[in-house]
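Descriptive structure summary
Each chain, letter by letter, is given below.
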Amino acid sequence: MVFGIAIAFPGTKMFNDYLNEGLIRSFNWDEYHGRTSAQLFSHRRLAHGDIQSHIELAHREAIFANPAFILRRLKRGFRTGEFFWDVYYGLKFIAAPSVEGKARYDYYAEDRWPKFDYQKAPLKPREYQVVRHMPSRPVELSQ
């Protein structure tokens, strides 16, 4: 189980809506992954800390508020002989943080990459083609 925040990727309607409303807080694409703890966007009504605490609560509830799941896993572990691995990965899951900190990436020649200033020249929203259903016309067959 993984809990996280929906991420609006560039080029999507959600990203364009956030861009128009000024809700984007980070243009560091390395932070755009499912378990990030970085504040990529501002929420309209919730603080970032509140969202992170709700993710942690969901993580804990998924583990401890579902004893039937734990019992099923233990029975399956005994039946298949994988009890040790079920316990090992279960403890690893409980000990893992619900969201990850900053990921580290090593890129080749990163200092030579072009730099883009999103503050001076913000991304422009993309327009999308709207496909509409055209009513079909009867086709006359010549005899």
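In case you missed it, the structure is sitting above this.
Residues numbered from 1 in each chain as written. Predicted model: local features only at pLDDT ≥ 70, side-chain atom pairs only at ≥ 80, totals over all residues. Heavy atoms only, no water.

Right, let's get into the overall build of the protein chain. Each helix and strand counted, the protein chain has four helices and zero strands in total. Per-residue burial for the protein chain yields a buried fraction of 22% across its 143 residues. Pairs at least 24 residues apart make up 59% of the contacts formed inside the protein chain by residues separated by at least 6 positions. (Helix = DSSP H or I, 4+ residues; strand = E, 2+ residues; numbered from the N terminus. Buried < 20%, exposed > 50% of the residue type's maximum accessible area, 1.4 Å probe, protein only. Contact = heavy atoms within 4.5 Å.)

Looking now at the packing of aromatic side chains. Scanning all chains against the criterion turns up 12 aromatic pairs. Their ring planes at 70° and their centres at 5.0 Å tell us that Tyr 18 and Phe 41 sit as a pair that is edge-to-face. Pair noted here: Tyr 18 is in helix H1 (residues 13-21) and Phe 41 is in the loop between H1 and helix H2 (48-64), with a separation of 23 residues, a long-range link. Neither Tyr 18 nor Phe 41 differs from the other in exposure class; each is buried. (Phe/Tyr/Trp six-rings, centres within 6.5 Å; stacked < 30°, edge-to-face > 60°.)

So, on to the nonpolar core. Residues Phe 15, Tyr 18, Ile 24, Phe 27, Tyr 32, Leu 40 and Phe 41 are the most contacted members of the largest nonpolar core, which totals 13 residues. Discounting residues that sit within four places of it in the chain, Phe 41 has contacts with Ala 6, Ile 7, Ala 8, Phe 15, Tyr 18, Leu 23, Ile 24, Arg 25 and Tyr 32. (Core = buried A, V, L, I, M, F, W, Y, C linked by side-chain atoms within 4.5 Å.)

Where nonpolar side chains cluster on the molecular surface, the patch consists of Phe 64, Phe 69, Ile 70, Leu 71, Leu 74, Phe 78, Phe 83, Val 87, Leu 91 and Ile 94 and spans about 910 Å² of accessible area. Among the secondary structure elements, those contributing two or more residues to the nonpolar patch are helix H3 (67-80) and helix H4 (83-95). Per-element accounting of the nonpolar patch gives the leading share, five residues, to H3. Take Ile 70: it is sitting in helix H3. A relative accessible area of 37% places Ile 70 in the partly exposed class. (Patch = residues over 30% accessible without salt bridge, like charges linked within 9 Å, V, L, I, M, F, W, Y side chains within 5 Å. Areas by Shrake-Rupley, 256 points an atom, 1.4 Å probe, with all protein chains shown as cover. Salt bridge = Lys/Arg side-chain N within 4 Å of Asp/Glu carboxyl O.)

Turning to the layout of surface pockets, a few remarks are in order. Empty space within the largest pocket amounts to approximately 450 Å³. At the level of elements, H2, H3 and H4 are the ones that each hand at least two residues to the lining of the largest pocket. Looking at which element gives the most residues to the lining of the largest pocket, the answer is H4, with eight residues. In terms of residue class, the lining of the largest pocket is built from 13 nonpolar, one polar and two charged. (1 Å grid on protein atoms, 1.4 Å probe; cavity = no way out; pocket = protein on both sides within 12 Å on 5 of 7 lines; lining within 4 Å. Points joined across faces, edges and corners; volume = space filled by probe spheres on them. Nonpolar A, V, L, I, M, F, W, Y, C, P; charged D, E, K, R; others polar.)

As a further point, take the pattern of salt bridges. Enumeration according to the criterion identifies five salt bridges in this entry. One salt bridge connects Arg 76 with Glu 82, and the closest N-O pair in it is separated by 3.5 Å. Classification of Arg 76 as partly exposed rests on a relative accessible area of 25%. Connected through shared salt-bridge partners, Arg 73, Arg 76, Glu 82 and Asp 86 make up one network.

With that settled, the discussion passes to the side chain of Ser 26. Within the secondary structure, Ser 26 is located in the loop between H1 and H2. Reaching out from Ser 26, the side chain makes a polar contact with the side chain of Glu 31 at a distance of 2.9 Å. In contact with Ser 26, other than residues within four places in its own chain, are Glu 31, Tyr 32, Gln 39 and Leu 40. (Polar contact = N/O pair within 3.5 Å; in protein donor to acceptor, adjacent residues only side chain to side chain.)

Along the chain, Val 2 turns up in the segment before H1. A C-alpha to C-alpha distance of 7.7 Å links Val 2 and His 59, two positions 57 residues apart in sequence.

Over its 14 residues, H3 extends 20 Å from the first C-alpha to the last, a length consistent with the 20 Å expected when each residue adds 1.5 Å. Just downstream of H3, Gly 81 is the residue with a positive phi angle, here 80°. (Expected span 1.5 Å × (residues − 1).)

Purely geometric numbers; function is a separate question.
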